[in-house]
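Chain by chain, the residues:
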Amino acid sequence: MSRPLTIALLLGAVLVAAAPLLLGIGGDYGGTDGRAQAEIEAGGYRPWAQPLWSPPGKEMESLLFALQAAIGAGGLGYVLGRLHGRRRR
Amino acid sequence: MHIMEGFLPPAHALAWTAVSAPFVLAGLGRLRRMLAEKPELRLTLGAAGAFAFVLSALKLPSVTGSSSHPTGTGLGAMAVGPAATTVIGTVVLLFQALLLAHGGLTTLGANIFSMAVAGPWVAWAAWRGGRRLGLPAGVAIFLAAMLGDLTTYGVASAQLALAFPDAASGFAGAFAKFAGIFAVTQVPLAIAEGMLTVVVMKALAARNATLGIGA
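What counts and what doesn't
- Residues numbered from 1 in each chain as written.
- Chains lettered and ligands numbered in written order.
- Predicted model: local features only at pLDDT ≥ 70, side-chain atom pairs only at ≥ 80, totals over all residues.
- Helix = DSSP H or I, 4+ residues; strand = E, 2+ residues; numbered from the N terminus.
- Rg over C-alpha atoms; globule rule 2.2 N^0.38 Å.
- Buried ≥ 20, exposed ≤ 12 C-beta atoms within 10 Å, placed from the backbone.
- Contact = placed C-beta atoms within 7 Å.
- Nonpolar A, V, L, I, M, F, W, Y, C, P; charged D, E, K, R; others polar.
- Pairing = 2+ DSSP bridges.
- Core = buried A, V, L, I, M, F, W, Y, C linked by C-beta atoms within 7 Å.
- Arc of directions from axis to C-beta.

Draft legend 1. Looking closely at the overall build of chain A. When its secondary structure is counted, chain A shows three helices and one strand. In terms of C-alpha radius of gyration, chain A reaches 20 Å, well past the compact-globule figure of 12 Å for 89 residues. Dimensions along the principal axes, computed over C-alpha positions, put chain A at roughly 65 × 35 × 20 Å. Each of the 89 residues in chain A was classed as buried or not, and the buried ones make up 17%.

Right, dumping it as structure tokens:
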């Protein structure tokens, strides 16, 4: 794929993600899963199981989400780099 | 997304576990056969798993003022096939259920079905269909990844509507309610996922990555 198209697609993805903020859309940007959960609980349902372990606090949770993304990004970079090197030889 | 721990009544949780289990077992078998036939597929599999890890960790804002995350499983469906992608999605869901309290073990079956079975199979079918109709590869990949992402959230909405039908309007009313929360928020995220999937698929193809042919 041509380099300009790659760059355009990557910029497009960033733009789509940033659009709500650029458009100044208000809201707390809470998770949709939390919203669905509140809706269900409003109907009187109570969950019958709890997570075995929850990250103690928001900071720890973002750490683990960042870790998940880092593992993925590292792995993807490794594979693409390896394939790239193999092709050169 | 991801139906939270305990948020499906026991009968539903059990039923979805029973529905998803054969897909996971078949996926493991398919994966083992594929790697025995083409060991070089290991790298592509790594890339598909890594992509799903990144994308499902990114909670993105949407035009509805809510946040959600893409799934990243459409790429796997095209690169290593939907059956093997079920295994990738299951690993991601287990990671999030055990370490992030995101999703859960009682709802794992339902979440596997939406994100690791329905999404990848729809993405794969859309990709094959698009190619057969003569769409350019990039367009077919974009549409496939986008539809796979939206399917995941559509199925999750249906799962919740089945478990919690509206008192007055039944399944349809509840589905509209849950889809209103999930699907609308998901549209821009699905578009972004489509764009990123095209970039990574093309990057793999340009480096002559071995791709799994067939389901």
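Draft legend 2. Molecular detail of the overall build of chain B. Scanning chain B from terminus to terminus reveals seven helices and two strands. For chain B, the sequential pattern of α-helices and β-strands runs α-α-β-β-α-α-α-α-α. At 17 Å, chain B has a C-alpha radius of gyration in line with the 17 Å of a compact globule built from 215 residues. Excluding contacts between residues fewer than 6 apart, the proportion of contacts in chain B whose partners are at least 24 apart in sequence is 75%.

Draft legend 3. The arrangement of the interface of chain A and chain B in detail. Counting residues at the interface gives 51 residues for chain A, matched by 54 residues for chain B. Every element with two or more residues in the side of chain A that touches chain B is listed here: helix H1 (3-22), strand E1 (30-31), helix H2 (32-42) and helix H3 (58-88) of chain A. Of the residues that constitute the side of chain A that touches chain B, the class distribution is 30 nonpolar, 15 polar and six charged. Note: E1 of chain A against strand E2 (residues 66-68) of chain B, two bridges, orientation parallel. When the sheet's bridge partners are listed, Gly 31 of chain A is paired in E2 of chain B with Ser 67 of chain B.

Draft legend 4. Structural view of the nonpolar core. Residues and elements named next belong to chain B. Of all hydrophobic cores here, the largest spans 91 residues; its most connected members are Ala 48, Phe 51, Met 78, Ala 123, Ile 141, Ala 144 and Met 195. Broken down by element, the residue count for this core peaks at 16 residues, all from helix H7 (residues 170-206). Apart from the residues within four sequence positions on either side, Ile 141 is in contact with Met 78, Trp 127, Thr 197, Val 198 and Met 201.

Draft legend 5. Local environment of the sheet that holds strand E1 (residues 60-61) of chain B. Pairing in this open sheet of three strands is mixed, and the strands run E1(A)-E2(B)-E1(B) from one edge to the other. If you trace the sheet from one side to the other, it starts and ends with E1 of chain A together with E1 of chain B, each paired once.

Draft legend 6. Quick look at the environment of Gly 109 of chain B. All names here are of chain B. Residue position: Gly 109 is located in helix H5 (residues 108-132). In this structure, the C-alpha to C-alpha distance between Gly 109 and Phe 53, residues 56 residues apart in sequence, is 19 Å. The contact partners of Gly 109, leaving out residues within four places of it in the chain, are Ala 13, Trp 16, Thr 17, Val 19 and Ser 20.

Draft legend 7. Here's a closer look at H2 of chain A. Taken as a whole, H2 of chain A has its buried residues at Thr 32, Asp 33, Ala 36 and Ile 40 of chain A. Taken down its axis, H2 of chain A places every buried residue within 105° of arc, on the same side. Residues Ala 38, Glu 41 and Ala 42 of chain A are exposed on H2 of chain A and point more than 90 degrees away from its buried face. Each element contacted by the buried residues of H2 of chain A is listed here: E1 of chain A together with E2, helix H6 (137-163) and H7 of chain B. The first or second residue beyond H2 of chain A is Gly 44 of chain A, which carries a positive phi of 100°.

Draft legend 8. How the structure looks around the environment of Leu 28 of chain B. Residue placement: Leu 28 of chain B occurs in helix H1 (residues 10-37). The spatial distance from the C-alpha of Leu 28 of chain B to the C-alpha of Thr 85 of chain B is 9.6 Å, given a sequence separation of 57 residues.

Purely geometric numbers; function is a separate question.
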